[in-house]
Amino acid sequence: MEQHYKLFRVRELADNDESFIAALAEAFLEEVPEDAERLKKAVAEKDYQEAYQAAHKMKPTIDLFELGVLDTLIEVQDWGKFTKKELDVTGQLNTVITAVDSAVAEIKADFDL
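Everything quoted here is computed from the prediction, not taken from an experiment.

Novice: What exactly am I supposed to notice about the overall build of the protein chain here?
Specialist: A tally of helices and strands in the protein chain yields five helices and zero strands. Going residue by residue from the N terminus, the α and β elements of the protein chain occur as α-α-α-α-α. For 113 residues, the compact-globule estimate of 2.2 N^0.38 gives 13 Å, and the C-alpha radius of gyration of the protein chain, at 14 Å, lies within 12% of that figure. Viewed in the frame of its principal axes, the protein chain has a C-alpha envelope of about 45 × 20 × 20 Å. Taking contacts inside the protein chain between residues at least 6 apart in sequence as the whole, the part at least 24 apart equals 64%.

Put into structure tokens, the structure is as follows:
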């Protein structure tokens with residue numbers, strides 16, 4: 001439990017209300033994988049604006065669940081925001097996607113979702 005994500009800030013936000021914590025975990029599972037797919041597609045297609053928007057939307061949740069890749073996600077976001085055509089963010093994207101996939105699997109198991 002809590003190897004690929006941390007609940008410290010989630011518990012703080014939820015004031016240790018277990019049903020609210022579970023609801024936040026469900027929201028994570030509903031939104032973050034979808035946004036991660038959107039981000040992968042945008043980077044592959046060099047759709048800078050879409051990459052920026054997807055990464056920007058993911059930031060608060062990635063930060064709240066402390067996946068440990070916030071700075072890397074910001075690099076991908078900035079690639080899109082500033083249209084950094086000379087930069088290859090594939091490595092950073094893969095780091096973020098791996099962290100998201102690991103957290104998703106672990107949250108599903110931990111919360112029986």
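Having seen the structure, we can now continue with the description.
Novice: Could you clarify how one ought to interpret helix α5 (residues 90–110) in this entry?
Specialist: Each turn of an α-helix holds 3.6 residues, which means side chains three or four residues apart point in the same direction. Spanning 21 residues, α5 covers 30 Å between terminal C-alpha atoms, matching the ideal 30 Å at 1.5 Å per step. Contacts from the buried residues of α5 go to α2 (18–44), α3 (48–64) and α4 (70–81). Asp 112 sits one or two residues past α5 and shows a positive phi near 50°.

Novice: Explain the nonpolar core to me, please; I cannot follow it from the model alone.
Specialist: In globular proteins that are soluble, nonpolar side chains generally tend to be buried together. By size, the foremost hydrophobic cluster in this structure holds 37 residues, and its most contacted members are Phe 28, Leu 39, Met 58, Phe 65, Leu 67 and Val 100. Elements with a minimum of two residues in this core: α1 (8–14), α2, α3, α4 and α5. Among the elements that line this core, the one with the most residues is α2, at ten residues. Apart from the residues lying within four places of it in its own chain, the contact partners of Phe 28 are Pro 33, Thr 61, Phe 65, Leu 67, Ala 103, Val 104 and Ile 107.

Novice: Can you walk me through the pattern of salt bridges in this structure?
Specialist: Side-chain pairing between opposite charges can occur once the charged atoms of the two side chains come close. Under the criterion given, the structure shown has eight salt bridges. Between Asp 63 and Arg 9 there is a salt bridge, with the nearest N and O atoms lying 2.9 Å from each other. Taken together, the residues Asp 63 in helix α3 and Arg 9 in helix α1 connect sequence positions 54 residues apart. Overall, Arg 9 belongs to the partly exposed group, its relative accessible area being 32%. Note that Glu 31 and Lys 57 form a salt bridge whose closest N and O atoms lie 3.9 Å from each other. A residue pair is termed long-range when its members are at least 10 positions apart, and Glu 31 in helix α2 and Lys 57 in helix α3 qualify at 26 residues. The exposure class of Glu 31 is partly exposed, given its relative accessible area of 40%.

Conventions adopted
Residues numbered from 1 in each chain as written. Predicted model: local features only at pLDDT ≥ 70, side-chain atom pairs only at ≥ 80, totals over all residues. Heavy atoms only, no water. Helix = DSSP H or I, 4+ residues; strand = E, 2+ residues; numbered from the N terminus. Rg over C-alpha atoms; globule rule 2.2 N^0.38 Å. Contact = heavy atoms within 4.5 Å. Expected span 1.5 Å × (residues − 1). Core = buried A, V, L, I, M, F, W, Y, C linked by side-chain atoms within 4.5 Å. Buried < 20%, exposed > 50% of the residue type's maximum accessible area, 1.4 Å probe, protein only. Salt bridge = Lys/Arg side-chain N within 4 Å of Asp/Glu carboxyl O.

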